[in-house]
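# Fold and contact review
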Amino acid sequence: MDFNLTEEHLMIQQAARDFAQNELLPGVIERDEKQIFPTEQIKKMGELGFMGMMVDPKYGGSGLDAISYVIAMEEISKVDASASVVMSVNNSLVCWGLQEYGTEEQKQKYLPGLASGEIHGAFCLSEPEAGSDATSQKTTAVDMGDHYLVNGTKNWITNGNTASVYLVIAQTHPELKHKGINALIMTKDMPGFSVGPKEQKMGIRGSDTHSLMFTDVKVPKENRIGEDGFGFKFAMKTLAGGRIGIASQALGIASGAYELALKYSKERKAFGTEICNHQAIAFKLADMAVNIEAARHLCMKAAWDKDNHKNYDVSGAMAKLFASQVAMDTSVEAVQIHGGNGYVKEYHVERLMRDAKITQIYEGTSEIQKIVISRAVIAG
């Protein structure tokens, strides 16, 4: 076991940290308040290789490992979770799904643009009646011979209006239930594809979240990913890796909140000394440090499993379950340590607290992670 980061990992960490501090931090409060999508920042992230980190260089990606991805996600998420969720979806769900299961033609067509940040993608699984219950897809993709005719609605889609490539999960053979679901590549310019209003969210307000509506959208057969009926398995396999990304986002939110709280506690004085010298605050900082380190190890273990081609369903679920709770707990305590200042926007921790909550919900709620983990534990 080696807990040291390689020289390459340390370089990636520093590059991500510098970018977050120099490019994301300025304007992050305004983007959150006004729900401004970080368009220019996402382009720069692409130029630095953060939008296609695990994509093979022959498709324009960085060709890095999952551990590098966790490291970069943590640093970006410390400052701007709205930017990091765009990075997570593009890397974990869209690029990885296409590279792992797409045809060579699909990879050549879509991956270079996605990996470079020239365009970015969206993953479309959730519906009004199919969030945690992903088997209950009401969006239909009727087989018309050389194309599918798609009808339905998708909800809470990250990058819903700004994406160029959409991976859409739809039911083709209802009688086969989850074995009749397909994954299709769609683009916004397809007739019948429409985007609903932007969601008014509690957190990650700079990210672009919309409902999507499909009315008799013709999708060519060559846009199907995998064999007929592969869609549900594709979604589950892709989400398993996506959970490592969201776990890393949660880790970053927790780390960011902790660093701000620690800094503030060394500057703010009460009763004649810096508040970090009071045991009530010192013990909060100790708990934060322990939980963040534990969450980091779970994220790294899941990434290591993925890099070494081991099953990472359970390790990814554990990482997301624990790290998302740590993000909530740490950000709440960070606000508490800041006192009244923690309740106002300029100190950043109130935003991190709002951003933390979604990590317990999207890409599988905490309850779904417990189902995955408990089934594995019981099965032995």
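As named in an unreviewed UniProt entry, the protein is Acyl-CoA dehydrogenase, taken from Flavobacterium ginsenosidimutans. Of the protein, the UniProt comment under Cofactor (unreviewed entry) reads exactly: "FAD".

The next thing to look at is the overall build of the protein. The secondary structure content of the protein amounts to 11 helices and 10 strands. Its C-alpha atoms give the protein a radius of gyration of 21 Å, within 12% of the compact-globule value 21 Å for 380 residues. Its C-alpha atoms give the protein principal-axis dimensions of roughly 80 × 45 × 40 Å. The burial tally for the protein puts 54% of its 380 residues in the buried class. Sequence-distant contacts, at least 24 apart, represent 73% of the contacts inside the protein between residues at least 6 apart. Element-wise, carbon and sulfur atoms account for 54% of the exposed surface of the protein, whose accessible area totals about 16500 Å². Seen as two clouds, the 39 positive and the 47 negative side-chain charges of the protein have centres 3 Å apart.

Here arginine 243 lies in helix H7 (residues 231–267). You can call arginine 243 buried: its relative accessible area is 10%. Spatially, the C-alpha atom of arginine 243 lies 9.5 Å from that of leucine 93, the residues being 150 residues apart in sequence. In this view, arginine 243 contacts Gly316, Lys320, Glu363, Gly364, Ile368, Gln369 and Val372; residues no more than four positions away in its chain are not counted. At a separation of 2.9 Å, a polar atom in the side chain of arginine 243 contacts the main-chain carbonyl oxygen of glutamate 363.

Quick look at the pattern of salt bridges now. Applying the stated criterion across every chain yields a total of 18 salt bridges. Across the pair glutamate 75 and arginine 17 runs a salt bridge whose closest N-O atoms are separated by 3.1 Å. Taken as a pair, glutamate 75 in helix H4 (residues 66–79) and arginine 17 in helix H1 (residues 7–24) lie far apart in primary sequence, 58 residues in all. The exposure class assigned to arginine 17 is partly exposed, which follows from its relative accessible area of 29%. Here the residues in one salt-bridge network are Arg17, Glu75, Lys78 and Glu259, joined through shared partners.

For the rest of this paragraph, the subject is the nonpolar core. Core analysis: the biggest nonpolar cluster contains 89 residues, and Met45, Ile76, Met87, Leu98 and Leu167 have the highest contact counts within it. Per-element tally for this core: the top contributor is H7, with 16 residues. Discounting residues that sit within four places of it in the chain, isoleucine 76 has contacts with Ala16, Phe19, Ala20, Leu24, Met45, Ala83, Ser84 and Met87. Counting 18 residues, the second largest nonpolar core, distinct from the first, contains Ala122, Ile157, Tyr166 and Val168.

Moving on, we get to the UniProt feature "domain: Acyl-CoA oxidase/dehydrogenase middle" (unreviewed entry) in the protein. On the UniProt side, "domain: Acyl-CoA oxidase/dehydrogenase middle" (unreviewed entry) is annotated at positions that read residues 122–217 here. In the segment residues 122–217, helix accounts for 0% and strand for 49%; the C-alpha atoms at its two ends are 17 Å apart.

Moving on to the UniProt feature "domain: Acyl-CoA dehydrogenase/oxidase C-terminal" (unreviewed entry) in the protein. According to UniProt, the positions carrying the feature "domain: Acyl-CoA dehydrogenase/oxidase C-terminal" (unreviewed entry) are residues 231–377. Between the first and last C-alpha atoms of residues 231–377 the distance is 27 Å; the span itself is 78% helix and 3% strand.

Moving on: the environment of leucine 184. Structurally, leucine 184 is set in strand E5 (residues 181–186). Residues leucine 184 and glutamate 222 lie 38 residues apart in sequence; the distance between their C-alpha atoms is 8.9 Å. Not counting residues within four places of it along the chain, the set of residues in contact with leucine 184 comprises Ala141, Tyr148, Val150, Tyr166, Leu167, Val168, Val219, Asn223 and Arg224.

For an α-helix the count is 3.6 residues per turn, leaving residues at separations of three or four pointing the same way. When we look at burial in helix H3 (residues 39–47), the residues that qualify are Gln41, Ile42, Met45 and Gly46. Seen end-on, H3 carries its buried residues on one side only, within an arc spanning 145°. Buried residues along H3 sit against H1, helix H2 (28–34), H4, helix H5 (81–101) and helix H6 (104–116). Looking one or two residues past H3, glycine 49 carries a phi angle of roughly 90°, positive in sign.

Right, let's get into the environment of lysine 310. On the secondary structure map, lysine 310 appears in the loop between helix H8 (279–307) and helix H9 (313–338). Those residues in contact with lysine 310, other than ones at most four positions away along the chain, are Trp304 and Asp305.

Take the side chain of histidine 348 next. Of note, histidine 348 is situated in the loop between H9 and helix H10 (349–358). Among the polar contacts listed, one links the side chain of histidine 348 to the side chain of arginine 351, at a separation of 3.0 Å. Beyond its immediate sequence surroundings of up to four residues, histidine 348 is in contact with Leu25, Val28, Ile29 and Leu260.

Let us look at the packing of H7 against H8. Where H7 contacts H8, the axes come no closer than 9 Å and their chain directions differ by 155°. When the interaxial angle is binned, H7 and H8 end up roughly antiparallel. Crossing geometry of H7 relative to H8 is assigned as left-handed. Here Gly241, Ile244, Ala247, Ser248, Leu251, Ala254, Ser255, Tyr258, Ala261, Leu262 and Ser265 of H7 lie close against H8, whose contacting residues are Ile281, Leu285, Met288, Ala289, Ile292, Ala295, Arg296, Cys299, Ala302, Ala303 and Lys306. The residue inventory of the contact of H7 with H8, partitioned by class, reads 16 nonpolar, four polar and two charged.

Let's shift gears to the packing of aromatic side chains. Summed over the entire model, instances satisfying the criterion amount to eight aromatic pairs. Both rings, one in phenylalanine 193 and one in phenylalanine 214, keep their centres 5.2 Å apart while their planes meet at 65°; by these two values the pair is edge-to-face. Of this pair, phenylalanine 193 sits in strand E6 (residues 193–198) while phenylalanine 214 sits in strand E7 (residues 209–220), and the two are 21 residues apart along the sequence. Residue phenylalanine 193 shares its accessibility class with phenylalanine 214, and that shared class is buried. Site record: aromatic cluster; members linked through ring pairs are Trp96, Tyr101, Phe123, Phe230 and Phe234. For the cation-ring pair, lysine 221 lies above tyrosine 148, with the distance from its terminal atom to the ring centre recorded as 5.3 Å.

About the thresholds
Counting restarts for each chain, with residues numbered from 1 along the sequence as it is written. Restriction of local features to residues with pLDDT of at least 70 applies here, the model being predicted, together with a cutoff of 80 or more for giving and counting side-chain atom pairs; totals for whole chains, interfaces and linings are based on all residues. Side-chain descriptors were evaluated using all non-hydrogen atoms of the structure, hydrogens and water having been removed beforehand. UniProt positions are given in the numbering used here, feature names are shortened, and annotations may be inferred rather than shown by experiment. We count a stretch as a helix when DSSP gives it H or I for four or more residues in a row; a strand needs E for two or more, and each element gets its number in order from the N terminus. For the radius of gyration, the atom set is restricted to C-alpha positions; the globular benchmark scales as 2.2 Å times the number of residues to the power 0.38. Exposed residues in this analysis have more than 50% of their type's maximum accessible area, buried residues have under 20%, and partly exposed residues fall in between, with area computed by a 1.4 Å probe over protein chains only. Two residues qualify as a contact provided that any one of their heavy atoms is within 4.5 Å of a heavy atom in the partner residue. To measure how exposed things are, a 1.4 Å probe is used in the Shrake-Rupley method; for residues, cover is taken only from the protein chains shown. We score Asp and Glu as negative and Lys and Arg as positive, and we do not count His or the chain ends. In this description, the location of a charge corresponds to atom NZ of lysine, CZ of arginine, CG of aspartate or CD of glutamate. A 3.5 Å cut-off defines polar contacts: any pair of N or O atoms within that distance qualifies, except that in protein one atom must be a possible hydrogen donor and the other a possible acceptor, and neighbouring residues in sequence count only when both atoms are side-chain atoms. One speaks of a salt bridge when a side-chain nitrogen belonging to Lys or Arg is within 4 Å of a carboxyl oxygen belonging to Asp or Glu. Residues grouped as a nonpolar core are buried Ala, Val, Leu, Ile, Met, Phe, Trp, Tyr and Cys residues, joined through side-chain atoms within 4.5 Å. An arc is given here, and it is the one of the directions from the helix axis to the C-beta atoms. Under this scheme, a helix contributes an axis fitted over its contacting stretch, all axes are lines through C-alpha atoms, and angles between N-to-C directions fall in the 0 to 180 degree range. Working definition: roughly parallel below 35 degrees, roughly antiparallel above 145 degrees, roughly perpendicular at 65 to 115 degrees, and oblique for all remaining angles. Each crossing gets its handedness from the near helix: less than a right angle anticlockwise from the far helix is left-handed, clockwise is right-handed. Throughout, the ten residues Ala, Val, Leu, Ile, Met, Phe, Trp, Tyr, Cys and Pro are labelled nonpolar, Asp, Glu, Lys and Arg are labelled charged, and all others, Gly among them, are labelled polar. Each pair of aromatic rings taken from Phe, Tyr and Trp, with Trp reduced to its six-membered ring, is defined by centres within 6.5 Å and is described as stacked if the planes are under 30 degrees apart, edge-to-face if over 60, and tilted in the remaining cases. By definition here, charges over rings are those cases where NZ of Lys or CZ of Arg is within 6 Å of the ring centre and within 35 degrees of the ring normal.

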